[in-house]
Each structure stands twice: as structure tokens, then as C-alpha cells.
Amino acid sequence: MKILKLSASLNYRLLFYVAVFLPVQLQAEQGIIQPQTQSGHKSEVITELIQPASITHEQGAAYSARLKIQRPADKDAKSRCELLENGKPLPFPHALHRRIREQGRGHYSHWTPGTLYFSTSDSTDPRTNGRKYELVSTESYLQKTASFVLTESNSEITVPVDLDRESHPLKMIWQNLDSKTRITPAWKRKGAPDLSSQSAMLTSILKPGMNAEEKSIAIWKFLVDWRYHYDPAEQGDELHDPVKFLNVYGYGFCDDCATNFMVLARKAGLQSRVWGLSGHVVAESFYDGQWHMFDPDHQVFYRNRQGKIAGVEELAEQPQIITQTPRDPLGSPSELIAKLYTSTADNRVNERQPQIRDTCVLPVLEPLDYVEFRYSNPERVHQKNKSHSPEPPIAGEGILKRTVRDLHDLKQTAGNQRQWQLSWPYVLLSGHVDLALNSSEIQPRISISNDQKSWRPLQGEIKKNRLRLSLNEWIRKQPTAVYHCFIRLDSPNQTDPAALIDQAEAELRFQFAPRALAHVQNGNNDFEMKLATEPAGSTKGLRVELIWKETD
């Protein structure tokens, strides 16, 4: 046997090649994009106005407030926030809760990122004393940006982050660079479930060979992971569509969680139903000859002595299955939970099929569309539940900017009429349309509709041959969430409105669930993007920009 001996210098060269150049070469061959990042130091004052509706009396002189802006708090660290009363700092931060209750007079504690315990300067009720309360902090951070253009149908992207610092998403921007091609992006974190449709969800979370119980647990765990408990945006079936529930909102009540479980279970071929208890709603699935209860909202199901998952009626007869542990995963006392089941007089089964469509959340970017997703502190959210609750603590707000450069591209419905359909998979909050007129002497008549049957005139304001029309009032008056509208352009002199309008622009604000739209985080920052183009073929591409902050 021959032994090959290499010189020391050759050995070092070989090791250097294997350690440095070979991984880079293999990475390039695999087509993984590693965008360069730019960074800059930022400092900003963050202020949250404490709304009276968010305040509840806790005990003694103490009140608690639900917070919308998440910041480090006293429970796990020392909060850097300061509580102002009519612009003046209250004197006793980081106070023990006992002192807040017993002494009042400006003792307070920013206890968790979402909860403030406080007393007023004179121990009066902050809901009725007419004073303004603000939680203020100054934050310094490193803002980072990664920008890249995607043209391939399938791309993998890895974004480098500093693992010694906390990463928080700020914005993501998509811009269709092509003036003739529609682009449908499908963006997700590598290894995460696909939330774009019911079928995609189930394909992601259900494995071949799973039995009925394994499928039920997988669906339950999926809903536990991808939503949180908060007042639903509206009643009815709007939040009973899993695609909207997880991608648009990301929050809801027990009824919404249980109904989404039922919808997904039935889609997976399981028999499922919903139980209304006295103040709570849970789901069941049927297999092995009996019903089994799953509660995604309280993150729990219960096994009996035989190790089988118990159903609602079994739990009503044997509440000790529930009370064998003192609290459920949310911290609710098990004795109280058991009473929801044992008070059977008002327990009702509901096997109704929600009136929903098999929707898809993948957005279609028209030529030159610009979209900006903002991951925190929305100016507004969709809210038609009349609960007067504060805005949800985790919600995102985005902006869609759409331009039609040639009005001949719009559908002509009559000789003097064209229609512009504006559609988006995320719920619309507000918006306006700008029309560049070639003359201020003849103004087109503009109307709006959600069904092309009932039309409402839009009144606008002209400045320098630009007509701006607000959609806010029309959106606000719709009985349920708005995802599309039709804009009708009529020419008063019976000519084609394309002869009166040089260009049309729309700017729409919308809501999305930040958890569902992947961004930079601590941990896995490997992403996948699939692009579908119409017409099929080459495109100038989609520009993607990720903006995040890193803190110590």
C-alpha cells in the first residue's frame, strides 16, 4: 500500500481550501443568497398613551393597564420606562405591588411587557380623573437593512444576524420592478409551516401515516403556536377562516380557536364539532368510536386514567380528570375550568359549517406595486366587535401603493366608463385614490362598490389637476371586513375616461399578523421565496428589503 505524503505547506494550503474556499463554493453552487447588510445607530423616544379603556381597578389604590407596545419590564429585568401624569414623572417606579395597593400616590411598576401596575399621584381613579398618562422610554439600537432582488422562481436566502444581540423586525418591503408582469410572492421561513391556505397548512403539519389522534394533536398544537388570546376583530365567521385567522389577525377568543380547529380537522378528513360551555368554547374530534376534546385557546387537552384523550361529556362526568393538576397551561385554576364542564344545563353542541371560502393569502403584485409591512405599533386595526377594547398587543400595519400608468389597461364596461378592481388578501383599514387629470375643466365621476351592483359616489378634492378621493368613510361603513373594492370611472361627456385621466394611483393601508409573515429573529433566519409571474417568463424581479433592530 502506498502512502501519499504531502509537504507541510501543501497540507496547510489544502486545509485552508477545505475550510474557507470549499464551503463558499458549495454555497454558491447551491444558490443560497446571503445579502450584505447595512447598519446605523438609532435612538428614539417611545411613548404609549394609556387609554382609559385599557385600565382596570386591581386592588386598593392600584390599577392595571394593558399595554400595546412591548418593552423589557420589571418582572424579568429592570424596566427603563417612565410613567408620566400630565407630562410629569410619577415619583416611585419599580414599586412592589403591595406598596402600589396600600400607599398609592405615584407608586408604579411596569411589570411585564404587556402590563402596567400603577397608582395616580393622589390615588384617584385614572379612568375618571381627567389626566393623561403616558409610558415613555428612550431606546438606542442598531438598525440593520438587507436588500436584494429576486428573479428566480425559487430562491433561498440566509440573513446574518448578531447572535449576541436581540433582533426585532421593523419593516419588510416588496417592490415589483417590472412594468408589465404580475408577481405572486410566496415567502416563508425555512422549516416553518406554510400558512398560505388551508391545504398548505395541513400539508405542512400532517405527516404520512398519522392516525386520527396524531392528526388532531398536530392541528391543536398548530393553533396553539400561531395565535394568541385577545378580543376578536369582529363577530361572525370572519375569524373562522384559518387563513384569515392566522395571517390577517393572529388573535381571537376561544370560539375562534375551537371553530378553526373544527374547520381544519374536517379539511383533514376528521369528524369534528364545537361545544359551547358556560363561558367557554372547545372543539372535539371523533375517532376510535368516541369524541375527544381539544382546547387550543387554553392550550390543553386531558387524558383519562386509560391514557385516552377525554371528551366533553366524559369531563363533565369525571371533573377530577381536569383537577388532577391545579392549573391549566394559561394559569387558570382547574377547579374553575372543571365547573365549565359540569354545569351541563347550558352546554350545547354546534356542528354548523362556517360560511367561509377556501381562501389563499398569497398577494398578487401588479406591475410596479410597492408594499411595506410594518411589524409593530399600528396606527389603527380592524375592529368591529364594539368591545371598546384597546388595540391588540401584537398586530402589523402595511401600505400598498398601486399605479396604473395607462387607463386603457382598466376594464372598459361602457363607452364612457371603466372599472378598477383593487384586491388584497389582507383586511383594508383605510386608503385613497389619486387621479392625474389632463385638464381641470372636465372632471370624471367616481363611484365605489364592493359587488358592482350598489355604487356610492366618491367626492374628492382637486389640487393642481390631481383629484384625491378618500376611501376611509366607505371602508368604515362596511358591515364586515373589506378585502376588495371596485372603482368606477365615468366620463360626463360620453368619452372614454382614459382620455381624461393620465394616471391613477391608489394607497391602501391594511392589517396583517406579524407572526405569520417571516422576518429576522433570534435563531433561524433562513428563508424561502417562490415567485409566480403572469405572464410566465422572465421578469425584472422583486426587490425585497428587510429592516430590523438589534439591541443588547
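This text follows the structure it describes.
Note that the coordinates shown come from a computational prediction; the quantities given were computed from them, not determined experimentally. (Residues numbered from 1 in each chain as written. Predicted model: local features only at pLDDT ≥ 70, side-chain atom pairs only at ≥ 80, totals over all residues. Heavy atoms only, no water.)

(A) Representation of the overall build of the protein chain within the structure. When its secondary structure is counted, the protein chain shows 10 helices and 31 strands. Taking the principal axes of the C-alpha coordinates as reference, the protein chain spans close to 90 × 75 × 60 Å. Relative to its full complement of 552 residues, the protein chain shows a buried share of 49%. Taking all contacts inside the protein chain whose residues are at least 6 apart in sequence as the whole, residues at least 24 apart take part in 72%. (Helix = DSSP H or I, 4+ residues; strand = E, 2+ residues; numbered from the N terminus. Buried < 20%, exposed > 50% of the residue type's maximum accessible area, 1.4 Å probe, protein only. Contact = heavy atoms within 4.5 Å.)

(B) Looking closely at the pairing of strand E9 (residues 133-150). Buried residues dominate E9, accounting for 13 of its 18 residues. Relative to E9, strand E2 (residues 37-49) is paired through 13 bridges, and the arrangement is antiparallel. What sits directly across from Ile46, in E9, is Ser137. Bridge count between strand E5 (residues 82-85) and E9: four bridges; the pairing is antiparallel. (Pairing = 2+ DSSP bridges.)

(C) Molecular detail of the sheet that holds strand E10 (residues 154-158). Overall, mixed pairing links the four strands, which are arranged E1-E10-E30-E12 in an open sheet. What marks the edges here is a single partner per strand, and that holds for strand E1 (32-33) and strand E12 (182-189). Sheet topology places E10 next to strand E30 (residues 526-534); five bridges connect them, and they run antiparallel. When the sheet's bridge partners are listed, Ile157 is paired in E30 with Phe527.

(D) Structural context of the pattern of salt bridges. Taken as a whole, this structure holds 35 salt bridges when the rule is applied. For the salt bridge of Lys477 with Glu473, the shortest nitrogen-to-oxygen distance reads 2.9 Å. Taken together, the residues span about one helical turn, with Lys477 and Glu473 both in helix H10 (residues 472-477) at a distance of four residues. Shared partners join several salt bridges into a network, and the residues in it are Lys144, Arg165, Glu550 and Asp552. (Salt bridge = Lys/Arg side-chain N within 4 Å of Asp/Glu carboxyl O.)

(E) Expanded view of the environment of Gln521. As for its placement among the helices and strands, Gln521 is situated in the loop between strand E29 (501-512) and E30. In this structure Gln521 comes out as partly exposed when scored by relative accessible area, which is 30%. It is 33 Å that separates the C-alpha atoms of Gln521 and His432, two residues lying 89 residues apart in sequence. Each residue touching Gln521, except ones within four places of it in the same chain, is listed here: Val161, Ser167 and Arg189.

(F) How the structure looks around the packing of helix H4 (residues 212-226) against helix H6 (residues 254-267). Two elements in contact, H4 and H6, have axes whose closest approach is 10 Å; the angle formed by their N-to-C orientations is 140°. Our classification of the angle between H4 and H6 gives oblique. Seen from above, H4 lies across H6 with right-handed handedness. Where H4 abuts H6, its residues Ser216, Ile219, Trp220, Phe222 and Leu223 lie against Cys257, Asn260, Phe261, Leu264 and Ala265. (Axes fitted to C-alpha atoms, helices over the stretch in contact; angles between N-to-C directions. Parallel < 35°, antiparallel > 145°, perpendicular 65-115°, else oblique. Left-handed = near helix turned anticlockwise from the far one by under 90°.)

(G) Highlighting the sheet that holds strand E17 (residues 290-294). The antiparallel open sheet is built from four strands, whose spatial order is E17-E16-E15-E18. For this open sheet the edge positions go to E17 and strand E18 (348-350), each flanked by a neighbour on one side alone. Neighbour-to-neighbour, the strand axes of the sheet open up by a mean angle of 35°, direction not taken into account. When strand E16 (residues 281-287) meets E17, the two strands line up antiparallel, connected through five bridges. When the sheet's bridge partners are listed, Ala283 is paired in E17 with Phe294. Across the sheet, H4 is in contact with E16 and E17; its angle to E16 comes to roughly 155°. Across the sheet, H6 is in contact with strand E15 (271-276), E16, E17 and E18; its angle to E15 comes to roughly 165°.

(H) Region of interest: empty space enclosed by the protein. By the definition in use, this model includes one cavity of 30 Å³ or more. By volume, the largest cavity amounts to about 40 Å³. In this structure, the largest cavity is lined by Trp226, Tyr228, Leu246, Tyr249, Gly250, Ile394, Ala513, Pro514, Arg515 and Ala516. The class makeup of the residues in the lining of the largest cavity is eight nonpolar, one polar and one charged. (1 Å grid on protein atoms, 1.4 Å probe; cavity = no way out; pocket = protein on both sides within 12 Å on 5 of 7 lines; lining within 4 Å. Points joined across faces, edges and corners; volume = space filled by probe spheres on them. Nonpolar A, V, L, I, M, F, W, Y, C, P; charged D, E, K, R; others polar.)

(I) Region of the structure containing H4. In a regular helix each residue adds 1.5 Å, so 15 residues correspond to 21 Å; H4 covers 21 Å between its end C-alpha atoms and thus fits that length. Among the residues of H4, Ser216, Ala218, Ile219, Trp220, Phe222, Leu223, Val224 and Trp226 are the ones counted as buried. Along its buried surface, H4 packs onto helix H3 (198-205), helix H5 (242-249), H6, E16 and E17. Taking the backbone nitrogen of Glu213 as reference, a side-chain oxygen 3.2 Å away marks Asn211 as the first, capping residue of H4. (Expected span 1.5 Å × (residues − 1). Polar contact = N/O pair within 3.5 Å; in protein donor to acceptor, adjacent residues only side chain to side chain.)

(J) Main features of the side chain of His107. Note that His107 resides in the loop between helix H2 (97-103) and strand E7 (108-112). Using a relative accessible area of 9% as the deciding quantity, one classes His107 as buried. Separated by 2.7 Å, the side chain of His107 and the backbone oxygen of Gly104 make a polar contact. When sequence neighbours within four positions are dropped, the list of residues in contact with His107 reads Phe92, Ala95, Arg99, Ile100, Phe118 and Ser119.

(K) Seen up close, unusual backbone geometry. Cis geometry is found at the peptide bond from Glu534 to Pro535, where omega equals 0°. Relative to the helices and strands, Pro535 resides in the loop between E30 and strand E31 (542-551). Even without being a glycine, Asp288 presents a positive backbone phi close to 55°. Residue position: Asp288 is located in the loop between E16 and E17. Residue Gln494 is not a glycine yet carries a positive backbone phi of 65°. Here Gln494 is to be found in the loop between strand E28 (484-490) and E29.

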